[in-house]
Amino acid sequence: MTNIFKSYICATIDTSTDMLCVALARVTPCEGHAQVEMLASFDHTCRRRANIELVPTLEKALDEVCLSVDDIDAYLVGRGPGSFTGVRIGISTAKGLACGANKPLYAASTLDASAWTAWKAGVRGLLGVAADAMRGEIYPALYRLDDTGVERLFERERVVKAAAAVAEWSELSDADQLQLTGDGLVRYGKLFDEAGLTNRVEQDLWWPSSEGLLLAATSKEGFATRGTGDPALVLPIYTRLSDAEENERKRLGNEVKTSEALTGVADTLAGQHLQFRPMCPADAEAAALLEAASFPGRNAWTANMFLSEFDADNRSWWVAHDMGEILGFAGGMIVEKDIEILDVVVRKDHRREGIARKLLAHVSYDAQMLGCQTASLEVEQNNAGASALYEALGFTPVRTRKNYYGPNCDAIVMSAHLPFNLPQDNESPEPIALTREWPLPVPHREPAEKKLIEQCELTMAIESSCDETAVAIIDKDGTMLASQVSTQIDFHARFGGVVPEIASRKHVEAIAGVCDAALEEAARSLGLSCALMPSELAAVGVTQGPGLVGALVVGVAYAKGFAFAASKPLITVNHLEGHLYANLLTTPDLEPPFIFTLVSGGHTMLVHVRAWGDYVVLGETLDDAVGEAFDKVAKALGLGYPGGPIISRLAAQGNPKAIDFPRAMMHSHDYRFSLSGLKTAVITYIEQETAAGRPLHIPDLAASFEAAVFDVQFKKALNALRETGAHEYCLGGGVAANPHLRELLIRKLTREKVRVTVPPQNACTDNAAMIAVVARRKYLEEDFASFDIDADPNMTL
Ligand code: KG4
Ligand code: ZN
């Protein structure tokens, strides 16, 4: 047969295990599979240094075969399962590479890669891959290998106790034929031996290899599952939820009522914003009532039917609630690799607010974490509204069930690939269909447009230190051309704070889409005919620290891949400096020396900025940060997370003099702060009032709490200004978004002849515009980073 397909250069990456896989290969497709010719392979063991070594290793591989990054036509990444962080490093870097180069990114299961690694070495017959999942668990996978290739004998990757896999495999009728491989054998090999499962493939084959990954992705079966090439849609295979979510599900399954202690959110008070949480048995009655009211005449779900759902562990049900009332719910059942959406209901007066979409986001997120690749549902033929929503999420009709909903009323069965197309724009209630081709069409630029772009010297920056995935683009004058922020608040709120593992997962999910949205937004700001290409940027900045290490790693890995593939300088930014530089967005002529107050969720400090980059930290908090105090007080009041915006909204209607809370360290004659005493005082006050049977006046309480915090902030800032003789003052960090703090400082310090700058309200809480401003300055100084940097969670000013 003549080969009509063109061969291409593919770079492979897998960092799911201690084996860092990086290789270059020539792939020649032919009739549903492909031939693989390895060009350079740099697979090597590397413990915990994947983020440091990955891009430099790719660089080395390119050098070896005298190719440049532009010669790479496609990327391939291992999706795990494996170490969560390891998988995320590989996938984030690969997404960055593919987005930065505008090339396709394909993906394959790391377990399949291990099986193909054995196949390539000549192993044939029944093969069990026991991949290490840590904590006494493994990812088990069974394959049959023959001369034609590798056949998967399981549907969906999963995680089990090592002992359970041993028991399962010992019971196979052909257990005596079973050969074992996988890095789980290092730790749990003895367990297998004791059960008589002693056949092993050679130990140097126990890890995945680049060639194995390539063979898996280019096999007949692999072709079908390797994805569309759109990097935004490539996600890790986790096989389980985060511990926090697992524990919550277990408790809900045990029919424990959701309680304030459990979630940090008292239902009756949680009316400050819409909240989402998994459905629990106590919701069954309300859900049944809402269902009956929404679909009169339909064979509706009853309370008992909902209750029976909690016994099954392959289910995911979510409710949306406000002021303790259920506004909607959705649920589904996992069948092999598909989540069947069983029900989606939103109360009539709350339709078209995006609630259904958010509910489905939660259900599908669970399904995806548990290994599903598709979702399916049935919709009534005449329900145009629902059909439109589902189509926008990526569902397409697959077949019709005649007269399913009664005579002449068919059901349309629809199916979609996970993840759903979800809008990055949190303001928009309905999803916008993400029907894009990838790679993106390369724009044809008129010379005038080209010149404009060049003159702008565009800096893009990425921020992922906590629970916002953000990408921004500024021009050479520091003008914000794009600032995209995708918040994960809905996913953390029910835990009363940020869950690091969820944060890391959501960053990986969002980062490519947020980046694309920023490139589009900047193009609109500049009046360009189509989106900016990575090659049209001047530099790429990224937050290196401080923050949650697992969250930072995603941004850093993505930025490295992106900058490397687009051949742009990489610039690392200190997040705290970002909060400071946010002030340049409002006052571009701000010049040191000045006093700077940083008040965020993680930091409270008063800084004497003597020159740019020359910081004297006058004092910090001895315990809680200001934002943290807001969050803890809100949690104690059952107001939900994050506390700052909720408390400031309530405080606007309260009397700040109503309760005299302590002003800790107000007269300590230094610049240190302490907030834990105040937090305790507030909690004691709540307890006393509740015990005495007096109703709490929450607005007064919120206003009085704010006043106690802000009085101290003002006093110490004033002292610092007087002591240093500075005439400029500025503010930064999430709490700087608080209107009362801004107003108080501007009013009182202006009276002291001090010029006060506050960042734009939307650049106070975490964002990437402020990171871009720092990156721009470092760009001018040619202060570039190398590709072996890693996240630094403990960075200081
Ligand atoms: O800077 P940021 O977004 O993240 C960190 O780097 O920590 O700050 C988040 C913090 C949260 O604790 C949040 O409650 C607080 O900023 N915050 C506010 C307001 N908006 C956000 N605190 C008081 N008033 C606000 N309006
Ligand atoms: Zn911050």
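Report follows, based on the coordinates. The structure displayed is predicted, hence computed values, not measured ones. (Residues numbered from 1 in each chain as written. Chains lettered and ligands numbered in written order. Predicted model: local features only at pLDDT ≥ 70, side-chain atom pairs only at ≥ 80, totals over all residues. Heavy atoms only, no water.)

What about the nonpolar core?
Piece 1. Membership of the largest hydrophobic core comes to 93 residues, with the highest contact counts inside it found for Tyr 143, Phe 192, Ile 339, Tyr 390 and Phe 395.
Piece 2. Considering each element in turn, this core owes the most residues, eight residues, to helix α12 (residues 355–369).
Piece 3. Contact partners of Phe 192, with chain neighbours within four places excluded, come to Ala 130, Ile 138, Val 166, Trp 169, Leu 180, Leu 185, Leu 197 and Arg 200.
Piece 4. In this structure, Leu 105, Ala 482, Leu 537 and Val 553 belong to the second largest nonpolar core, which totals 72 residues. (Core = buried A, V, L, I, M, F, W, Y, C linked by side-chain atoms within 4.5 Å. Buried < 20%, exposed > 50% of the residue type's maximum accessible area, 1.4 Å probe, protein only. Helix = DSSP H or I, 4+ residues; strand = E, 2+ residues; numbered from the N terminus. Contact = heavy atoms within 4.5 Å.)

Some points on the site of ligand 1
Piece 1. Around ligand 1 there are 20 residues in total, and Gly 601, Asp 631, Gly 644, Asn 738 and Asp 766 lie nearest to it.
Piece 2. Within the backbone of Gly 627, one N or O atom sits 3.1 Å away from an oxygen atom of ligand 1.
Piece 3. Between ligand 1 and the protein, one listed contact pairs an oxygen atom with a side-chain N or O atom of Asp 631 at 2.7 Å.
Piece 4. Protein chains bury 89% of the 550 Å² of accessible surface belonging to ligand 1 in isolation.
Piece 5. Secondary-structure elements contributing two or more residues to the shell around ligand 1 are α18 (575–581), α19 (626–636) and α20 (643–651).
Piece 6. Of the residues forming the shell around ligand 1, the biggest block, four residues, is contributed by α20. (Near = heavy atom within 4 Å. Polar contact = N/O pair within 3.5 Å; in protein donor to acceptor, adjacent residues only side chain to side chain. Areas by Shrake-Rupley, 256 points an atom, 1.4 Å probe, with all protein chains shown as cover.)

Some thoughts on the coordination of the zinc ion (ligand 2)
Piece 1. At the metal site, the zinc ion (ligand 2) is ligated by His 575 (NE2), His 579 (NE2) and Asp 766 (OD), and these contacts range over 2.0 to 2.1 Å.
Piece 2. Read from N- to C-terminus, the donor residues coordinating the zinc ion (ligand 2) fall into the pattern H-x3-H-x186-D. Of this pair, His 575 and His 579 are both found in helix α18, four residues apart, which corresponds to roughly one turn of the helix. (Donors = N, O, S within 2.8 Å, 3.2 Å for Na, K, Ca; no water.)

A few points about the sheet that holds strand β23 (residues 570–574)
Piece 1. Pairing is mixed across the open sheet formed by five strands, whose spatial order is β21-β20-β19-β22-β23. Looking at strand neighbours, the two that pair on one side only are β21 (480–487) and β23, the edges of this open sheet. The mean inter-strand angle of the sheet, taken between neighbouring strand axes irrespective of direction, is 20 degrees.
Piece 2. With five bridges connecting them, strand β19 (residues 459–463) and strand β20 (residues 468–474) associate as antiparallel partners. What sits directly across from Glu 463, in β20, is Ala 470. (Pairing = 2+ DSSP bridges. Axes fitted to C-alpha atoms, helices over the stretch in contact; angles between N-to-C directions.)

All we've got here are geometric facts, nothing functional implied.
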